[in-house]
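# Summary of structural features
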Amino acid sequence: MQEAPPEAGLAGQAIPLHPPSGKASGRPSAHQHPPRSEPPQPPRPPAPASGSARVAETSGPGWHNRACPASQPSARLRLKTWARASDRPNPNPHTMSPAVTAPELVAAVCFGLAVLHTFSTGLFARLAHSQPRHAGLWHLLGEVEVVFGFWAFVLFAALFWLSGQAAAVDYVEGRNFTEPLFVFVIMVIAASRPILVSVMQLVDSLAGLLPNARPVAVFFLCLGLVPLLGSVITEPAAMTLAALMLRDRFFSQGLSTRLKYATLGMLFVNISIGGTLTHFAAPPVLMVAGPWQWDTPFMFATFGWKAALAVVINASVLSLLFRRELTARGLGREAGTEPMPLTVAAIHMAFLVGVVVFAHHPVVFMGLFLFFLGYTTAYARHQSPLILREGLLVAFFLAGLVVLGGLQQWWLQPLLTGIEPTALFFLATGLTAITDNAALTYLASLVQGVSDEFKYAIVAGAVTGGGLSIIANAPNPAGIAILKVGFDEQAVSPLKLLLAALAPTSVAALAFLLL
């Protein structure tokens, strides 16, 4: 995503860029010795182009001037970025990596605890029943969307104690929260009744053309067609629409737990790879599209058709394996048959398109969103309750991931360099399960002089692993927020989600590696 130039401060004021420390260059005076010749230093990497993070150097010592990558596309940093260990201050002469500072270590610990917390939400749900006196607290900690926001506050408190108020506040204000805001807005608009009804009517019309039973055909289109639409309407919008249709027409009808997890895992994988037909819809692709000059024709020729094939194969296999259960229990309330004025649907679609077009400009799309809220109030008879609570929880989750992910470069970036492309592909796929896939591609965009094989491997691996966990891909929390009502105690097991996503992830991996 695009953001303000690095010189611009939070209030639009100029922030001076300080030159590197050392003596000024020039002819020595008569009382000076000639300067010693210094070995040439490797050039610093240029600031990433639009779509990736831009940085500005700040003066003064402290950990907050150290490298701090974005955990989401287009994060604006006021912190100094170093592409190689040898470029960073005080490198170890043996390992060529700097000593880890206390704030960086604390951030890594908080990040690890947050990941473990996501695997323990079921425990907090059980504590809410066994200890009713504190049931509210346990329910709060059992909300998956709260996890990373909670640990982000813990990290902020630790930074405040370790480095003082100025450094802690400067770090948080230097993060870019455009993506959490965008996901919140796009979720609410895409889930509005006029848009949902219009998409359901389209799916119903296409389902009538397929030879399968209608519930099976609708299920196939929810997992096959809608994820591919994410390349046009963005992945968060596609996730919202697909999850709402699956919730209302299948999850609410008493499907088996096995089918629910298989559906959720496949939905996450197909959404992650389904946004690669264009260069602007998937967060990990958006991160590198500018620096590496990738456009939509390149994306479709290199990634898109392979991803589309994998999406169709995944959806076809799951629909075929569970066709009997889908036929017996599928298709709940038929929201798509309710009448909706064409004008109202068109206006809602115009709001959706406007937000997508200005996705990199929060001031604009937040203004459109406020206008949208006013319109829905004026024509309330055509609306259903907006999912403001669910959207805010997802935004809170992503904002926490932005804060926690900002200090993970010291261990993530060394893992991504000096590795053979095939091994890099599998490493990126695995790392995506424990960190945001856009963070991986952002770090890769900082490395200079990489081969085309390196670029392909890191992006293909990042999108392939996007369904392995709730934090792997930015739209995943939106899917969890909508579909968790269909699971016991409204809690999704991260381990069962991981196991359910392995099969479709393997199909995607084979498509990207062999085709």
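For the structure itself, look to the data block above.
To start, this report covers the structure provided alongside it.

Rules and cut-offs
Every residue gets a number counted from 1 within its own chain, in the order that chain's sequence is written. Thresholds applied to this predicted model are a pLDDT of at least 70 for local features of residues and 80 or more for the giving and counting of side-chain atom pairs; totals over whole chains, interfaces and linings are not thresholded and use all residues. In computing side-chain properties, one takes all heavy atoms of the structure into account and sets aside hydrogens as well as water. Only DSSP runs of H or I with at least four residues qualify as helices, and only runs of E with at least two residues qualify as strands; both kinds are numbered from the N terminus onward. Burial classes follow relative accessibility: with a 1.4 Å probe on protein chains only, a residue under 20% of its type's maximum area counts as buried, one over 50% as exposed, and anything between as partly exposed. Pairs of residues are marked as contacts when any of their non-hydrogen atoms sit within 4.5 Å. Calculation of accessible area relied on Shrake-Rupley with a 1.4 Å probe; when residues are assessed, cover is drawn exclusively from the protein chains displayed. Each salt bridge in this description consists of a side-chain nitrogen of Lys or Arg and a carboxyl oxygen of Asp or Glu lying within 4 Å of one another. To define a nonpolar core, start from buried Ala, Val, Leu, Ile, Met, Phe, Trp, Tyr and Cys residues and group those joined through side-chain atoms within 4.5 Å. What a helix is expected to span follows from its residue count: subtract one and scale by 1.5 Å. Axes here refer to lines fitted to C-alpha atoms; in helices the fit is confined to the stretch in contact. Angles between the N-to-C directions go from 0 to 180 degrees. Just so you know how the angles are binned, under 35 degrees is roughly parallel, over 145 roughly antiparallel, 65 to 115 roughly perpendicular, and the rest oblique. By convention the crossing between two helices is left-handed if the near helix lies anticlockwise of the far one by an angle smaller than a right angle, and right-handed if it lies clockwise. Polar here means any residue outside two lists: the nonpolar Ala, Val, Leu, Ile, Met, Phe, Trp, Tyr, Cys and Pro, and the charged Asp, Glu, Lys and Arg; Gly therefore counts as polar. Note that patches include only residues with greater than 30% relative accessible area and no salt bridge, and the join distances are 9 Å for like charges and 5 Å for nonpolar side chains (Val, Leu, Ile, Met, Phe, Trp, Tyr). Two aromatic rings from Phe, Tyr or Trp, using only the six-membered ring of Trp, form a pair when their centres are within 6.5 Å; if the ring planes differ by under 30 degrees the pair is stacked, by over 60 it is edge-to-face, and anything between is tilted.

## Points about the overall build of the protein
Helix and strand content of the protein: 22 helices and zero strands. Looking at the protein as a whole, 56% of its 515 residues qualify as buried. Taking all contacts inside the protein whose residues are at least 6 apart in sequence as the whole, residues at least 24 apart take part in 79%. Taken as a whole, the protein presents about 22,000 Å² of accessible surface, with 66% of it coming from carbon and sulfur.

## Considerations on the pattern of salt bridges
Tallying each qualifying case throughout the model produces six salt bridges. The partner of Lys484 in a salt bridge is Glu143, and the shortest N-O contact between them spans 2.5 Å. Taken together, the residues Lys484 in the loop between α21 (476–483) and α22 (494–514) and Glu143 in the loop between α3 (135–141) and α4 (147–163) connect sequence positions 341 residues apart. Of the two residues examined, Lys484 and Glu143, each falls in the buried class. Across the pair Glu145 and Lys484 runs a salt bridge, and its minimum N-O distance is 3.4 Å. In this pair, Glu145 sits in the loop between α3 and α4 while Lys484 sits in the loop between α21 and α22, placing the two residues 339 residues apart along the sequence.

## Topic: unusual backbone geometry
Backbone geometry at Thr234 places phi at a positive 80 degrees, although glycine is not the residue there. With respect to the helices, strands and loops of the structure, Thr234 is situated in the loop between α8 (214–233) and α9 (235–249). One non-glycine residue, Gln293, lies in the positive phi region at around 55 degrees. Judged by its relative accessible area of 70%, Gln293 is exposed.

## Quick word on the nonpolar core
By size, the foremost hydrophobic cluster in this structure holds 98 residues, and its most contacted members are Phe148, Ile189, Leu246, Phe250 and Leu404. Once residues within four sequence positions are removed from consideration, Leu404 is found in contact with Cys110, Phe111, Ala114, Phe148, Trp151, Ala152 and Leu155. Residues Val285, Phe303, Ala308 and Ala508 belong to the second largest nonpolar core, which totals 38 residues.

## With respect to helix α14 (residues 342–357)
Taking 1.5 Å of rise per residue, the 16 residues of α14 would be expected to cover 22 Å, and the 22 Å separating its terminal C-alpha atoms lies within 8% of that figure. For α14, every residue scored as buried is listed here: Val344, Ala345, His348, Phe351, Leu352, Gly354, Val355 and Val356. Residues of α14 that are buried make contact with α6 (178–190), α7 (193–207), α8 and α15 (362–378).

## Overview of the packing of α8 against helix α12 (residues 296–321)
The N-to-C vectors of α8 and α12 enclose an angle of 160 degrees; their axes lie 9 Å apart at closest approach. It follows that α8 is roughly antiparallel to α12 by the angle criterion. Like other packed secondary-structure pairs, α8 and α12 cross with a definite hand, here right-handed. The residues of α12 that touch α8, namely those facing Val216, Phe219, Phe220, Leu223, Gly224 and Leu228, are Ala308, Val311, Val312, Ala315, Ser316, Leu318 and Ser319. Grouping the amino acids of the contact of α8 with α12 by side-chain chemistry returns 10 nonpolar, three polar and no charged.

## A look at the environment of Ala423
For Ala423, the position within the fold is in helix α18 (residues 421–432). Look at Ala423 and you get partly exposed, because its relative accessible area is 37%. Along the backbone, Ala423 and Ile458 are 35 residues apart, and their C-alpha atoms lie at a distance of 9.9 Å.

## Quick notes on a nonpolar patch on the surface
A contiguous nonpolar patch, built from Phe300, Trp305, Leu309, Ile313, Val317, Leu321 and Leu515 and spanning about 650 Å² of accessible area, is present on the exposed surface. Its place among the elements puts Val317 in helix α12.

## Here's the deal with the packing of aromatic side chains
For the structure on display, the rule yields 22 aromatic pairs. Plain terms: the ring middles of Phe351 and Phe372 are 5.5 Å apart, the flat faces sit at 75 degrees to each other, and that makes the pair edge-to-face. Placement of the pair is Phe351 in helix α14 and Phe372 in helix α15, with a sequence separation of 21 residues. Per residue, the accessibility class of Phe351 equals that of Phe372, and both read buried. With centroids separated by 6.2 Å and ring planes inclined at 45 degrees, the aromatic side chains of Phe351 and Tyr375 adopt a geometry described as tilted.

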